[in-house]
Amino acid sequence: MLVATKVIHILFAAAWFGHKLLIPRDVRQSVHVMTDGEGLIRRMHRAERLGILSGSGTVLSGIGLIALTTGFAETSVWIYFGLAAAIGILIIGALVARPAWNEIKGGIETGDAPRAAAGVKPFTRALALESLLWIVALGSMVV
Ligand code: HEM
């Protein structure tokens, strides 16, 4: 049970990091040429669903691992540090990446290229910060 939960945890965590790798380039290029905006919106919708699934799967399986190993009182401070980093990723996603994406999407839907372009930098920066926090979380899991 413990090994299976750990494997699931690592798979969710890997998907959480991996699904975002190609997004910044895709968004930058698609907004630059402003063609196939609908394709970008479709791809982003799929990526968003995968992000929600893998992010919540990582946190829930992590909580399961705490219950299966030390219990909450005895858990290492590093695990809580990783949990804080994971929560940070979710907060940045909700407060920065999502509004920025809404700008990009709104710009694409209305044919407003400057509006779409204005959202690109905050969006890609938010994703970079999320990836950095993910690496921090990984580091705190393996110390
Ligand atoms: C980006 C987020 C995360 C990544 C990349 C990640 C990665 C990992 C990895 C690679 C391991 C295996 C470590 C080892 O066996 O040496 C692990 C174990 C573990 N993780 Fe995470 N994790 C993340 C988030 C979380 C969260 C949010 C929690 C808690 C809610 C959590 C709780 C745990 C626990 C309890 C273990 C087992 C530690 C042990 O065997 O003593 N993880 N994690």
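A brief structural summary. Quick caveat, the model's predicted, so the values are computed rather than measured.

Thresholds, definitions, all that
- Residues numbered from 1 in each chain as written.
- Predicted model: local features only at pLDDT ≥ 70, side-chain atom pairs only at ≥ 80, totals over all residues.
- Helix = DSSP H or I, 4+ residues; strand = E, 2+ residues; numbered from the N terminus.
- Buried ≥ 20, exposed ≤ 12 C-beta atoms within 10 Å, placed from the backbone.
- Contact = placed C-beta atoms within 7 Å.
- Near = placed C-beta within 6 Å.
- Nonpolar A, V, L, I, M, F, W, Y, C, P; charged D, E, K, R; others polar.
- Core = buried A, V, L, I, M, F, W, Y, C linked by C-beta atoms within 7 Å.
- Expected span 1.5 Å × (residues − 1).
- Arc of directions from axis to C-beta.
- Bend = angle between axes of the 7 residues up to and from the residue.

### Here we look at the overall build of the protein chain
Phase 1 of the analysis: Secondary structure summary: the protein chain contains five helices and zero strands in total.
Phase 2 of the analysis: The order of α-helices and β-strands along the protein chain, N terminus first, is α-α-α-α-α.
Phase 3 of the analysis: Dimensions of the protein chain, computed from the C-alpha atoms along their principal axes, are close to 55 × 25 × 20 Å.
Phase 4 of the analysis: When burial is assessed residue by residue, the protein chain has 26% of its 143 residues classed as buried.
Phase 5 of the analysis: Considering only contacts within the protein chain whose residues lie at least 6 apart along the sequence, 75% involve residues at least 24 apart.

### A short note on the environment of Leu 95
Phase 1 of the analysis: Position of Leu 95 among the secondary structure elements: in helix α4 (residues 77-110).
Phase 2 of the analysis: Along the backbone, Leu 95 and Leu 50 are 45 residues apart, and their C-alpha atoms lie at a distance of 18 Å.

### Regarding the site of the ligand
Phase 1 of the analysis: Around the ligand sit 20 residues, and of these Ala 13, Gly 62, Leu 65, Ala 137 and Met 141 come closest.
Phase 2 of the analysis: Within the residue set of the shell around the ligand, elements represented by two or more residues are α1 (2-18), α3 (37-68), α4 and α5 (113-142).
Phase 3 of the analysis: Top element by residues in the shell around the ligand is α3. It accounts for six residues.
Phase 4 of the analysis: Looking at the shell around the ligand, its residues break down into 14 nonpolar, five polar and one charged.

### Here we look at the nonpolar core
Phase 1 of the analysis: Grouped together as the largest cluster of nonpolar side chains are 14 residues, with contacts concentrated most on Val 27, Ala 97, Ala 100, Ile 104 and Phe 123.
Phase 2 of the analysis: Among the elements of the structure, α2 (23-33), α4 and α5 are those that each provide at least two residues to this core.
Phase 3 of the analysis: Those residues within four positions of Val 27 in sequence are excluded, and the remaining contacts are Leu 40, Ile 104, Val 120, Phe 123 and Thr 124.
Phase 4 of the analysis: In terms of nonpolar packing, the next biggest core, distinct from the first, is built from nine residues, Val 59, Ala 86, Ile 89 and Ala 137 among them.

### Examining α1
Phase 1 of the analysis: Here α1 contains 17 residues, and its C-alpha end-to-end distance of 24 Å stays within 8% of the 24 Å for a straight helix at 1.5 Å per residue.
Phase 2 of the analysis: For α1, every residue scored as buried is listed here: His 9, Ala 13 and Trp 16. Looking straight down α1, one finds that the buried residues subtend no more than 55 degrees of arc, so they occupy a single side. Projecting away from the buried face of α1 at angles above 90 degrees are the exposed residues Val 3, Ala 4, Val 7 and Gly 18.
Phase 3 of the analysis: If you follow the buried residues of α1, they end up packed against α3 and α5.

### Overview of α5
Working note: α-helix, 3.6 residues per turn, so residues spaced by three or four point in the same direction.
Phase 1 of the analysis: Across its 30 residues, α5 extends 44 Å between first and last C-alpha, which sits within 8% of the 44 Å expected from 1.5 Å per residue.
Phase 2 of the analysis: Roughly 25 degrees is the biggest bend found in α5, and it falls at Val 120, with proline Pro 122 one to four residues downstream.
Phase 3 of the analysis: Within the span of α5, buried status applies to Ala 116, Gly 119, Val 120, Phe 123, Ala 126, Leu 127, Glu 130, Leu 133, Trp 134 and Ala 137.
Phase 4 of the analysis: On its buried face, α5 sits against α1, α2 and α4.

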